[in-house]
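Survey of secondary and tertiary structure
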Amino acid sequence: METIITVATILSMYLNASIDNKGQYFYNADIENGQVTTMYVYDRTFDGLSPKLEYRFTYDDAERLTAKEAFAWNEESGEWQHSYKLNISYTNDGYEVERSNWDSMANAYKTAEEKAVYRFEFNHLMSVNYLELDHEKNTFNLVDQMLIMNPKNDLLLATK
């Protein structure tokens, strides 16, 4: 069994968030060839809606999510500004998610300083390890871990 984050997962997330929304935030998406490429988050204000966040999604040839880039709306400049990027890589027994924050001085993403490693240990059992970068040794160190058991095998991700 291979569990991956697919186009269907992102599209489902968008549809669930945009239907019957009675909350503070509203959502809109650009969809190309059945893939959510950009999702916009708007904040409800007294005057209507104002931009809050923008997410850009990148997929591989197998339609798996490989990157999610986040932008925050800057009221002063009237532009989207980089915030962070999640890079997702897949292995035979799971996947890894690395987070890189934006460095406005360098005008580029910093080296990832934290990541989560998801591994399928047995049927319906997944290990999750959270790691942080040790700058002196330039290696990732374990800071937290847990096991997730799921008898229904849906693991909150799409199964292909």
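The sections below set out a description of the structure shown in this document. A quick note: this is a predicted structure, and the numbers were derived from the prediction, not measured.

The sheet contact formed by strand 7 (residues 94–103) and strand 9 (residues 114–122) spans six bridges and is antiparallel. Considered in strand 9, the bridge of Val97 is made with Ala116. Looking at chain direction, strand 9 and strand 10 (residues 125–134) are connected through eight bridges and run antiparallel. By the bridge assignment for strand 10, Lys115 is matched with Leu131. The turn joining strand 9 and strand 10, which pair antiparallel and follow one another in sequence, is formed by two residues; a positive phi near 65 degrees is taken by His124.

Let's shift gears to unusual backbone geometry. Non-glycine residue Asn33 carries a positive phi angle of around 50 degrees. Looking at the element boundaries, Asn33 is found in the loop between strand 2 (25–32) and strand 3 (35–45). Here the phi dihedral of Glu63 falls at roughly 65 degrees; this positive angle occurs in a residue that is not glycine. If you trace the backbone, Glu63 turns up in the loop between strand 4 (48–59) and strand 5 (65–74). On the basis of relative accessible area, Glu63 is assigned to the partly exposed category, the value being 41%.

Bringing the pairing of strand 5 into the picture now. With respect to burial, strand 5 is a largely interior element, seven of its ten residues being buried. Bridge count for strand 5 against strand 6 (residues 79–91) is eight bridges, and the pairing is antiparallel. Across the sheet, the residue bridging to Lys68 is Leu86, located in strand 6. Linking strand 5 to strand 6, which pair antiparallel, is a turn of four residues; within it Gly78 sits at a positive phi near 70 degrees.

Here the focus is the side chain of Glu54. Following the sequence through the fold, Glu54 ends up in strand 4. Among the polar contacts made by the side chain of Glu54, one reaches the side chain of Trp80 at a distance of 2.8 Å. Discounting residues that sit within four places of it in the chain, Glu54 has contacts with Thr38, Met39, Tyr40, Glu69, Ala70, Phe71 and Trp80.

Next up on the list: the packing of aromatic side chains. As enumerated under the stated definition, the model contains five aromatic pairs in all. An angle of 40 degrees between the planes, with centres 6.5 Å apart, marks the rings of Tyr40 and Trp80 as tilted. Taken together, the residues Tyr40 in strand 3 and Trp80 in strand 6 connect sequence positions 40 residues apart. Judged by relative accessible area, which is 17%, Tyr40 ranks as buried. Ring geometry for Tyr90 versus Tyr95: centroids 6.1 Å apart, planes at 45 degrees, classification tilted. Each member of the pair, Tyr90 as well as Tyr95, is classed as buried.

Conventions used here
- Here the residue numbers are simple positions, counted from 1 along each chain's written sequence.
- In keeping with the predicted nature of the model, local features appear solely for residues at pLDDT of at least 70, side-chain atom pairs appear and are counted solely at 80 or more, and the whole-chain, interface and lining totals rest on all residues.
- Only heavy atoms go into the side-chain values, all of them from the structure, while hydrogens and water stay out.
- DSSP-based pairing: two strands are paired if at least 2 bridges between them are found.
- Only DSSP runs of H or I with at least four residues qualify as helices, and only runs of E with at least two residues qualify as strands; both kinds are numbered from the N terminus onward.
- Per-residue accessibility, obtained with a 1.4 Å probe over protein chains only, is compared with the maximum for each type, and a residue is labelled buried under 20%, exposed over 50%, and partly exposed between these values.
- For the purposes of these results, a polar contact is taken to be a pair of N or O atoms within 3.5 Å, where, inside protein, one atom must be able to donate a hydrogen and its partner to accept one; residues adjacent in sequence count only when each atom of the pair is a side-chain atom.
- The contact criterion used is simple: two residues touch if any of their non-hydrogen atoms lie within 4.5 Å.
- Two aromatic rings, drawn from Phe, Tyr or Trp (for Trp, its six-membered ring), form a pair once their centres lie within 6.5 Å of each other, and the interplanar angle then sorts them: stacked below 30 degrees, edge-to-face above 60, tilted otherwise.

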